[in-house]
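Okay, here's what each chain looks like letter by letter:
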Amino acid sequence: MVGFEVILTINESYPVTTRKIRIPYGITFESLHKIIQIVFGFKDIHEYKFKFDDFPFTIKHIYKLSPDVINALREPVDKYFESFDKCRYTYGDWLLDINIQIIDYDEVYPKIDTVHGRYNPLEECGNVETFNKIVDIKRNSLDYDYNEFGNLVDMLKIINRKQVQKKFMIMFNIPYKEVNNRIVKLEIDPNYSLDKYF
C-alpha cells in the first residue's frame with residue numbers, strides 16, 4: 001500500500017527543528033493540519049494554509065467558496081503529494097517546509113519517525129526568532145531578561161514522542177497499547193467472540 005513520508009521543518013529555526021512522520025494515503029489537508037498541530041504541540045488557534053510552488057491555488061479551511069482557494073476540509077493530499085515533492089505550510093506567523101516522498105506504508109494512521117530539535121515551538125512567543133532565542137537560553141543555561149521573555153523559557157517543552165503517537169492513534173480511532181515504552185497498534189483476533197459469555 002502507498003503512503004507518504006513527510007519531513008516537517010520550521011523555517012529558519014535554529015537549531016533546525018524537524019519532525020519526520022509517515023502518513024497514510026487518503027487523508028485530507030485538514031487531517032494533515034491536525035497532525036502537524038499534534039506533532040509540534042500547537043494549539044490550533046491560528047488560520048493555516050498549504051501552498052505548492054507553480055500551483056496557483058491555496059489550500060485552507062474555508063467557509064464560503066472562493067475562486068483561488070481549495071477547501072482543505074474535503075481535499076485529499078494524495079494527488080498533490082504524488083505530483084510535488086515539497087510544499088509550504090503557514091500557520092499564523094509560523095512557516096513550515098514540508099518535504100514529501102512516496103513510500104510503501106500499510107497503516108491507516110500516522111507514525112512519528114524521527115525528531116531533530118527536541119523543543120516544541122511556543123505559540124505564545126509569536127514567531128521563530130523569539131523561539132530561537134528561548135531555545136538558546138534553555139539549551140545553554142543563559143541569563144535572560146525576565147521582562148523581555150517572561151515565563152516563556154519555563155514554558156518550553158520537550159517533544160514527547162509517546163504522547164504524540166497516542167494522539168495520532170486517538171485521532172484515527174486506532175486501538176493501541178504500550179509495549180516496551182512504545183505505542184503500538186492493538187491487534188484484535190478476528191476469531192475472538194464474546195458470544196460464549198451470553
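Below or above, wherever it landed, is the structure these notes cover. (Residues numbered from 1 in each chain as written. Predicted model: local features only at pLDDT ≥ 70, side-chain atom pairs only at ≥ 80, totals over all residues. Heavy atoms only, no water.)

All of the buried residues along helix α6 (residues 161-171) are Val164, Gln165, Phe168 and Met169. Projected onto a plane normal to the axis of α6, the buried residues spread over an arc of 140 degrees and lie on a single side. On its buried face, α6 is in contact with β2 (18-24), α1 (29-40), β8 (111-116), β9 (176-179) and β10 (182-185). One side-chain oxygen at the N-terminal end of α6 lies 3.1 Å from the backbone nitrogen of lysine 162; it belongs to asparagine 160. Where α6 ends, the next residue or the one after it, asparagine 173, has phi of about 55 degrees, a positive value. (Buried < 20%, exposed > 50% of the residue type's maximum accessible area, 1.4 Å probe, protein only. Helix = DSSP H or I, 4+ residues; strand = E, 2+ residues; numbered from the N terminus. Arc of directions from axis to C-beta. Contact = heavy atoms within 4.5 Å. Polar contact = N/O pair within 3.5 Å; in protein donor to acceptor, adjacent residues only side chain to side chain.)

This next bit is on unusual backbone geometry. The linkage connecting tyrosine 14 with the following residue, proline 15, adopts the cis geometry, with an omega of -5 degrees. In this structure, proline 15 sits in the loop between β1 (2-10) and β2. Positive phi, close to 60 degrees, is recorded for aspartate 54, a residue that is not glycine. You can call aspartate 54 exposed: its relative accessible area is 82%. We note that serine 141 has phi near 50 degrees; this positive angle belongs to a residue other than glycine.

Here we come to the pairing of strand β3 (residues 48-51). Going residue by residue along β3, you find Tyr48 and Phe50 tucked away on one face and Lys49 and Lys51 left uncovered on the opposite face. Pairing of β3 with strand β6 (residues 86-91) involves four bridges; the strand directions are antiparallel. In the strand pairing of β6, lysine 51 is matched with arginine 88. For β3 and strand β4 (residues 58-60), the ladder comprises two bridges, and the chain directions are antiparallel. Considered in β4, the bridge of phenylalanine 50 is made with isoleucine 59. (Pairing = 2+ DSSP bridges.)

A complete count under the given rule lists seven salt bridges for this structure. Put simply, glutamate 124 and lysine 43 hold a salt bridge, and the shortest N to O gap is 2.2 Å. Taken together, the residues glutamate 124 in the loop between β8 and α3 (128-140) and lysine 43 in the loop between α1 and β3 connect sequence positions 81 residues apart. Overall, the relative accessible area of 37% leaves glutamate 124 in the partly exposed class. Across the pair lysine 79 and glutamate 75 runs a salt bridge whose closest N-O atoms are separated by 3.3 Å. (Salt bridge = Lys/Arg side-chain N within 4 Å of Asp/Glu carboxyl O.)

Once that is clear, we can look at the packing of aromatic side chains. Counting across every chain of the model gives 22 aromatic pairs. Here the aromatic rings of phenylalanine 55 and tyrosine 80 are separated by 5.6 Å at their centres, their planes lie at 80 degrees, and the arrangement is edge-to-face. On the criterion of sequence distance, the pair formed by phenylalanine 55 in the loop between β3 and β4 and tyrosine 80 in helix α2 (residues 78-83) is long-range, its members being 25 residues apart. Accessibility classification places phenylalanine 55 together with tyrosine 80 in one group, the buried group. (Phe/Tyr/Trp six-rings, centres within 6.5 Å; stacked < 30°, edge-to-face > 60°.)

Taking 1.5 Å per residue, 13 residues should reach 18 Å; α3 reaches 18 Å between its end C-alpha atoms and fits that length. Taken together, the buried positions of α3 are Val128, Thr130, Phe131, Asn132, Ile134, Val135 and Ile137. In this fold, the buried residues of α3 make contact with β1, β7 (94-104), α4 (146-149) and α5 (152-155). Measuring from the backbone nitrogen of glutamate 129 back to the side-chain oxygen at the start of α3 gives 3.2 Å, which picks out asparagine 127 as the cap. Two residues or fewer past α3, serine 141 is found with a positive phi of approximately 50 degrees. (Expected span 1.5 Å × (residues − 1).)

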